[in-house]
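Now for the letters of each chain:
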Amino acid sequence: MSKTFKARLAAGEQLIGLWSSLGSAFAAEVCAASGMDWLLIDSEHAPNDLCTIVAQLQALGGYPVEAAVRPPSDAPWMLKQILDAGARTLLVPMVETAEQARAVTLACRYPPHGIRGVGGSSRATRFGLDKTYLHSANDDICLMLQIESRRAIDGLDEMLEVPGVDGYFIGPADLAADMGYLGNIEHPDVQKVIEQTIVRIKNAGKVAGILIANPKLAHRYLELGARFVAVGSDVGVLVNGVSALSREFRAKAAQQTTA
């Protein structure tokens, strides 16, 4: 049996991923066949609800790609629903303090180590047929927290000490906005903080991740020691591809029209 995403992170591998924002199981399956290590099903900034998340988890189940899910918030009931739907890896947005980090870890674990409610016939338990799930889930869940504000950067050292967190993911867009550079993640001040944060996480013996569509910056972050890096999104790939086709053929059509 191949190693899980969580085990591969713990083993020191660098894993490359893609954001899945189209809200389509068909599109997610197309991306799953591409060879990426992981896909992030986004329900914070994309039109996904619990039903579309389940459909994408089902579509990705037949491929050697990890299906991570980003919920809209850290609300315990929301995390519970997504875990019961069969998600194994979560990326929780806007975590800013060690107290919040501890609360998230508790919400993702069954008693006595947490407060997650027990759904004995959930999709995660294969509808009650998997009798081992309730006893293995606490160890198998891969929990990643998003660091995306100045407050989170300031409280990072304390967050890095919270047990039960498998990775810390830098959110460059929100971080840039919070620093006063809305829409400008490549500003030198923002890049300096991002690079310093990757190194801080790495030096603490923890796992750092980030989303960046700029290939040069993605390679830079990998060189600094980031271990799970999303290098684009399905929306971005589609927009760029269609736009390139449009520019090429509309230009040729215009030339023929004026000839």
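Here, the structure is the one placed above.
Residues numbered from 1 in each chain as written. Predicted model: local features only at pLDDT ≥ 70, side-chain atom pairs only at ≥ 80, totals over all residues. Heavy atoms only, no water.

This next bit is on the layout of surface pockets. Over the atoms a probe the size of a water molecule is rolled, and this reveals where empty space is left. Taken as a whole, the largest pocket holds about 1000 Å³ of empty space. Along the wall of the largest pocket there are 31 residues; nearest its centre are Gly61, Glu66, Gly86, Arg88 and Arg126. Mapped by element, the contributors of at least two residues to the lining of the largest pocket are helix H1 (5-10), helix H3 (50-60), strand S3 (66-70) and helix H6 (133-140). Broken down by element, the lining of the largest pocket gets its largest block of residues, five residues, from H6. Partitioned by chemical class, the residues of the lining of the largest pocket number 14 nonpolar, six polar and eleven charged. A volume near 370 Å³ is recorded for the second largest pocket. Contributing to the lining of the second largest pocket are 17 residues, with Trp19, Arg70, Pro172, Ala173 and Leu211 lying nearest its centre. Secondary structure elements with two or more residues in the lining of the second largest pocket: helix H9 (172-178) and strand S8 (228-233). The element best represented in the lining of the second largest pocket is H9, accounting for three residues. Of the residues assigned to the lining of the second largest pocket, the class counts are eight nonpolar, five polar and four charged. (1 Å grid on protein atoms, 1.4 Å probe; cavity = no way out; pocket = protein on both sides within 12 Å on 5 of 7 lines; lining within 4 Å. Points joined across faces, edges and corners; volume = space filled by probe spheres on them. Helix = DSSP H or I, 4+ residues; strand = E, 2+ residues; numbered from the N terminus. Nonpolar A, V, L, I, M, F, W, Y, C, P; charged D, E, K, R; others polar.)

Taken together, the side chains of Leu22, Val235, Leu238, Val239 and Val242 present a nonpolar region at the surface, about 390 Å² in accessible area. Note that Val239 resides in helix H12 (residues 234-258). In this structure Val239 comes out as partly exposed when scored by relative accessible area, which is 46%. (Patch = residues over 30% accessible without salt bridge, like charges linked within 9 Å, V, L, I, M, F, W, Y side chains within 5 Å. Areas by Shrake-Rupley, 256 points an atom, 1.4 Å probe, with all protein chains shown as cover. Salt bridge = Lys/Arg side-chain N within 4 Å of Asp/Glu carboxyl O. Buried < 20%, exposed > 50% of the residue type's maximum accessible area, 1.4 Å probe, protein only.)

Right, let's talk about the environment of Cys51 for a bit. Counting through the fold element by element, Cys51 comes out in helix H3. For the pair Cys51 and Ile82, spaced 31 residues apart in sequence, the C-alpha separation works out to 9.9 Å.

What follows deals with unusual backbone geometry. Where the residue is not glycine, phi is negative for most of them; where a peptide bond is considered, it is trans in most cases. The step from Pro111 to Pro112 runs through a cis peptide bond, and the omega angle for that step is 10°. Along the chain, Pro112 falls in the loop between helix H5 (98-107) and H6. With a phi angle near 50°, Met94 is a residue other than glycine that sits in the positive phi range. With respect to the element layout, Met94 can be found in the loop between strand S4 (89-92) and H5. Its relative accessible area of 33% is what places Met94 among the partly exposed residues. With a phi close to 55°, Arg126 is a non-glycine residue in the positive phi region. Positionally, Arg126 belongs in the loop between H5 and H6.

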